[in-house]
Amino acid sequence: MAYAALRSIGAYAPKNILTNEDLAKMVDTSDDWITKRTGIKERRIADKNETTSDMGVKAAQKAIERSGIAKEEIDMVICATISPDYFCMPSTATLISNKLGLQNVTAFDISAACTGFVYILSIAKAFIESGMKKNVLIIGAEKLSAITDYTDRGTCILFGDGAGAAIVGATNDKSEAIIDVHTGADGSFADLLMTPNGGTGSPHDSLEQEAGSCYMQMKGNETFKVAVRTLTKDVEDILAANNIASEQVDHFVPHQANYRIIKAVGDALGMSDAQVVLTVHKYGNTSGASIPMAINDIYEEGKLKAGELLLLDAFGGGLTWGSALVPFSPLR
Ligand code: COA
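Bear in mind the structure is a predicted one, so any value in this text is a computation, not a measurement.

A. The arrangement of the site of the ligand in detail. Close to the ligand lie 23 residues, the nearest being Thr29, Arg37, Arg153, Asn221 and Asn258. Note that a nitrogen atom of the ligand is positioned 2.7 Å from one of the side-chain N or O atoms of Thr29. Compared with its free state, where it exposes 960 Å², the ligand has 72% of that area covered by protein. Its atoms largely coinciding with the cavity grid, the ligand occupies the second largest pocket. For the shell around the ligand, the elements supplying multiple residues, two or more each, are helix H2 (31–38), helix H7 (220–241), helix H8 (259–268) and strand E12 (309–316). It is H7 that provides the largest number of residues to the shell around the ligand, a total of four residues. Grouping the amino acids of the shell around the ligand by side-chain chemistry returns nine nonpolar, 10 polar and four charged.

B. Molecular detail of the nonpolar core. Counting residues in each nonpolar core, the largest one holds 38 residues, and the members touching the most others are Leu239, Phe252, Ile261, Val265, Met271, Leu311 and Leu325. Going through the elements one at a time, H7, H8 and E12 are the ones with two or more residues in this core. Ranked by the residues each element gives to this core, the list is headed by H7, at eight residues. Contact partners of Met271, with chain neighbours within four places excluded, come to Ser246, Val249, Phe252, Gly266, Val276 and Leu311. The next biggest cluster of nonpolar side chains, apart from the first, holds 34 residues, and it includes Val118, Ile138, Ile291 and Leu304.

C. Just the pattern of salt bridges, in detail. Tallying each qualifying case throughout the model produces 15 salt bridges. Between Arg153 and Asp28 there is a salt bridge, and its shortest N-O distance comes to 3.7 Å. Of the two residues, Arg153 is situated in the loop between strand E6 (135–143) and strand E7 (161–171) and Asp28 in the loop between helix H1 (20–24) and H2; the sequence distance between them amounts to 125 residues. Its relative accessible area of 63% is what places Asp28 among the exposed residues. Between Lys58 and Glu50 there is a salt bridge whose closest N-O contact spans 3.8 Å. Here the residues in one salt-bridge network are Lys62, Arg66 and Glu300, joined through shared partners.

D. Quick peek at the sheet that holds E12. One open sheet holds the four strands; their spatial order is E8-E13-E12-E11, and the pairing between them is mixed. With one partner strand each, in any of the chains shown, strand E8 (180–185) and strand E11 (251–254) form the two edges of the open sheet. Recorded for the sheet is a direction-independent mean angle of 10° between the axes of neighbouring strands. Across four bridges, E11 lies against E12 in parallel orientation. The residue bridging Pro254 from the neighbouring strand is Asp313, located in E12.

E. Representation of the sheet that holds strand E5 (residues 106–110) in the model. Sheet architecture is open: five strands sit in the order E1-E7-E6-E4-E5, paired in mixed fashion. Only two strands of the sheet have a single partner each, and these edge strands are strand E1 (3–12) and E5. The average angle at which neighbouring strand axes cross in this sheet is 20°, direction not considered. As defined by bridge partners, strand E4 (residues 76–80) adjoins E5 across five bridges and the pair is classed as parallel. Along E5, the bridge assignment pairs Val77 with Ala107. Sheet strands touched by helix H10 (residues 290–300): E1 and E7. Its angle to E1, the strand with the most contacts, is close to 85°.

F. Structural view of the packing of helix H3 (residues 52–67) against helix H4 (residues 92–100). In contact at an axis separation of 9 Å, H3 and H4 are set at 55° when each is read in the N-to-C sense. On the basis of the axis angle, H3 is oblique to H4. The element H3 and its partner H4 pack so that their crossing is right-handed. Residues Thr52, Ser53, Asp54, Gly56, Val57, Ala60, Gln61 and Ile64 of H3 form the contact with H4, whose participating residues are Thr92, Leu95, Ile96, Lys99 and Leu100.

G. The arrangement of the packing of H7 against H8 in detail. Running from N to C, H7 and H8 point in directions that differ by 35°, and their axes come no closer than 9 Å. Here the hand of the crossing between H7 and H8 comes out right-handed. Contacts between H7 and H8 involve Phe224, Ala227, Val228, Leu231 and Thr232 on the former and, on the latter, Arg260, Ile261, Ala264, Val265 and Ala268. Class assignment for the residues of the contact of H7 with H8 results in eight nonpolar, one polar and one charged.

H. Structural detail: the environment of Phe159. Structurally, Phe159 is set in the loop between E6 and E7. Taking the C-alpha atoms as reference points, Phe159 and Leu121, 38 residues apart in sequence, are found 23 Å from one another.

I. Spatial organisation of the layout of surface pockets. Of the pockets and cavities examined, the second largest pocket occupies roughly 480 Å³. Lining the second largest pocket are 25 residues, and of these Leu158, Met218, Gly220, Phe224 and Asn258 lie nearest its centre. Listed by contribution, the elements that provide at least two residues to the lining of the second largest pocket are H2, H7, H8 and E12. Here the element with the most residues in the lining of the second largest pocket is H7; it accounts for six residues. Residue classes in the lining of the second largest pocket are distributed as 12 nonpolar, nine polar and four charged.

Thresholds applied
- Residues numbered from 1 in each chain as written.
- Predicted model: local features only at pLDDT ≥ 70, side-chain atom pairs only at ≥ 80, totals over all residues.
- Heavy atoms only, no water.
- Near = heavy atom within 4 Å.
- Polar contact = N/O pair within 3.5 Å; in protein donor to acceptor, adjacent residues only side chain to side chain.
- Areas by Shrake-Rupley, 256 points an atom, 1.4 Å probe, with all protein chains shown as cover.
- 1 Å grid on protein atoms, 1.4 Å probe; cavity = no way out; pocket = protein on both sides within 12 Å on 5 of 7 lines; lining within 4 Å.
- Sits in = over half its atoms within 2 Å of the grid points.
- Helix = DSSP H or I, 4+ residues; strand = E, 2+ residues; numbered from the N terminus.
- Nonpolar A, V, L, I, M, F, W, Y, C, P; charged D, E, K, R; others polar.
- Core = buried A, V, L, I, M, F, W, Y, C linked by side-chain atoms within 4.5 Å.
- Buried < 20%, exposed > 50% of the residue type's maximum accessible area, 1.4 Å probe, protein only.
- Contact = heavy atoms within 4.5 Å.
- Salt bridge = Lys/Arg side-chain N within 4 Å of Asp/Glu carboxyl O.
- Pairing = 2+ DSSP bridges.
- Axes fitted to C-alpha atoms, helices over the stretch in contact; angles between N-to-C directions.
- Parallel < 35°, antiparallel > 145°, perpendicular 65-115°, else oblique.
- Left-handed = near helix turned anticlockwise from the far one by under 90°.
- Points joined across faces, edges and corners; volume = space filled by probe spheres on them.

Geometric descriptors of this kind do not, in isolation, establish any biological role.
See below:
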């Protein structure tokens, strides 16, 4: 049987920085409030003409270069995004594939908000284990600034832009393999975090009305509580199912939404500060890109070594959630 291994990681963060001080000039907020309530100091914002697929391509190029796998060997591309280049079609994954010059690939997007990267990891794993695909490029890419209302202080302080990518490849060596991925969803919480306008759920009479109406809306306080509960249970379940203790995890990589959520979950799980990967202070919440961007940070800092065990944990709009136990298994 084929197993699926995480071969490489890459990421891209746009150069423009939006600080808390900048936001305090736009809405009634302050650096002090944002820092205390979220841990975020700044986030990256894409250029006006820079698309989600442009960012995805830059992250993917790094992941491909680092993988030691030729791009001709990539047979599937999956992009997790809630801010695609185009509303319905073509998918961002097909645009990324074209810009990378990939041929003979299956390419599609999925929508699972901030859990997107864990979802595409599970899809890549399933395709590889079934023998249908051998090398899958997975990308979480978001231009959240395009769907953020910069007059709403409850949301605009949280979100940023960026992309992360990974190559998941087939192996016969079980010790290299992704151990497990859990995913779940509960649509009864749909109204906690949503873009209520612009789709068939809320059709508009005119394009003018629709333009600019696709902004995110969030019930922040309720989302916070469900996030802590769900993220903690998620990890407890996957560790128990695989008979792995939290001390065996080298890097706990939670979705980077809010430092207080990460701290509460880390404490509940008995994770030490050294185990918990944190990037929320510099990128804010980049939804589907947040986990691969965080893994890339520890990789580029030289903290992620071959064979080390990553524990991923995500939560997002839908509601969706997911966790994964993933050894880092580079080919070189
Ligand atoms: N600056 C200053 N004050 C703000 C503010 C801001 N940016 N946003 C809200 N406030 C005010 C509120 O109006 C409220 O004022 P009041 O007490 O006079 O009514 C007060 O701060 C507390 O608001 P509340 O919403 O209870 O704050 P909070 O501690 O829950 O923090 C969030 C708000 C959004 C930071 C927090 O709820 C959060 O992070 N939620 C989870 C969001 C998330 O992770 N979403 C993505 C999931 S993937």
